[in-house]
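Structure at a glance
Listed below, chain by chain, are the residues.
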Amino acid sequence: MTGSPTESGVLIGVAQISVDRTDVAANVDRVVQTVRDGATAGHQLLVFPECVLTGYLFGSRAETRAAAINAADPRIGRIVEACGENSTTAVVGLLEEADGHVYNSALVLGPSGIIGRYRKQHLPYLGADRFVDPGADAAPRVADTPFGRVGVMICFDLRFPESARELALQGADVIAMPTNWPLGSDMLADHMTRVRALENLVYLAVADRADFEVGTRFMGRSQIIAPSGAVLADAGQDEGLFGAVIDVHAARTKRLIKKPGEFELPVFSGRRPEMYGELIRPMTSGQ
């Protein structure tokens, strides 16, 4: 564990913990204990891995549906209670059942309950993502917390720059990203996370696993990246809670001033949305 809170900073953490795909109750227990441990250390935000409550590697729609839980499940309520008792916010991944659909979701949980919900929009052909429904809610994906604004994306979303940019434009100070990076995802951890933080001038908090599920080894490398692209924390392959102190005001400065009046970079106000029409044009067959 690294970092400590200061008068001007906020301590946030990424939880690199193991997952039991056969035991939701055990996963909830682990999350609740981590929330308590994190709060004791002063963390105001904790980010957990993708599908940390349910597991991820399922072989059919039926298996995926059977593993999913509803956001109103009392076991989710236990995590909310822990957040309330410890005055903290947690971003928790799960396979979510809702109105006959199954989603790969992340809930933003605080003392008052569910304060944010994101259903994964970009789905790889892998694990449970082969069988879940894509998120289609265009509502804001950024939640207000006592220390700042938290946006959410999940794993494969990282490969789509539009996803992180949308969160930044909605005012996210921190982008929380639950993930299930398998071994071999080094380019994502070494480069892409830094680029997403740097190009959007936001903090990026990524929580992965370093355990096994159905013979697949997850890479770990949970990390916290600064708006400058600097790596503030990297978990390697160790299990535990890894933290860093952030300054949310650094994520609200979208104009980089190297030399006033002579060398300034208007990173957001300099955008030309009218020139980006191809970004939202539907794909043609074969693309």
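Refer to the structure above for everything that follows.
Keep in mind the model is a prediction, meaning the values are calculated, not measured. (Residues numbered from 1 in each chain as written. Predicted model: local features only at pLDDT ≥ 70, side-chain atom pairs only at ≥ 80, totals over all residues. Heavy atoms only, no water.)

1. Some details on the packing of aromatic side chains
Two measures describe an aromatic ring pair: the distance that separates the ring centres and the angle between the ring planes. On inspection of all chains with the given rule, the structure shows 1 aromatic pair. Ring centres of Phe156 and Phe160 lie 5.2 Å apart, and the angle between their planes is 85°; this geometry places the pair in the edge-to-face category. A residue is classified by how much of its surface remains accessible, and Phe160, at 27% relative accessible area, is partly exposed. When the ring centre of Tyr125 is taken as origin, the NZ or CZ atom of Arg130, which lies over that ring, is 5.9 Å away. (Phe/Tyr/Trp six-rings, centres within 6.5 Å; stacked < 30°, edge-to-face > 60°. Buried < 20%, exposed > 50% of the residue type's maximum accessible area, 1.4 Å probe, protein only. Lys NZ or Arg CZ within 6 Å of the ring centre and 35° of its normal.)

2. Digging into the nonpolar core
As a rule of thumb, soluble globular proteins bury nonpolar side chains together. Core analysis: the biggest nonpolar cluster contains 48 residues, and Ile12, Val91, Trp181 and Leu204 have the highest contact counts within it. A per-element tally of this core places strand β9 (residues 203-207) first, with 5 residues. By size, the runner-up hydrophobic cluster in this structure holds 25 residues, among which are Val24, Leu53, Leu94 and Leu109. (Core = buried A, V, L, I, M, F, W, Y, C linked by side-chain atoms within 4.5 Å. Helix = DSSP H or I, 4+ residues; strand = E, 2+ residues; numbered from the N terminus.)

3. Here we look at the pairing of strand β8 (residues 174-178)
Counting buried residues along β8, 5 of its 5 residues qualify, which places the element largely inside the surrounding structure. Across the two faces of β8 the burial is the same, with Val174, Ala176 and Pro178 and Ile175 and Met177 all buried. Here strand β7 (residues 149-152) pairs with β8 via 3 bridges, running parallel. Each bridged residue has a counterpart across the sheet, and for Val150 the counterpart in β8 is Val174. Remark: the β7/helix α4 (residues 161-169)/β8 crossover connection has right-handed handedness. Pairing analysis gives 5 bridges linking β8 to β9, with the strands arranged parallel. Following the sheet pairing, Ala176 is matched in β9 by Ala205. Running through helix α5 (residues 186-200), the crossover from β8 to the neighbouring parallel element β9 is right-handed. (Pairing = 2+ DSSP bridges. Right-handed = clockwise from strand over helix to strand, strands pointing away.)

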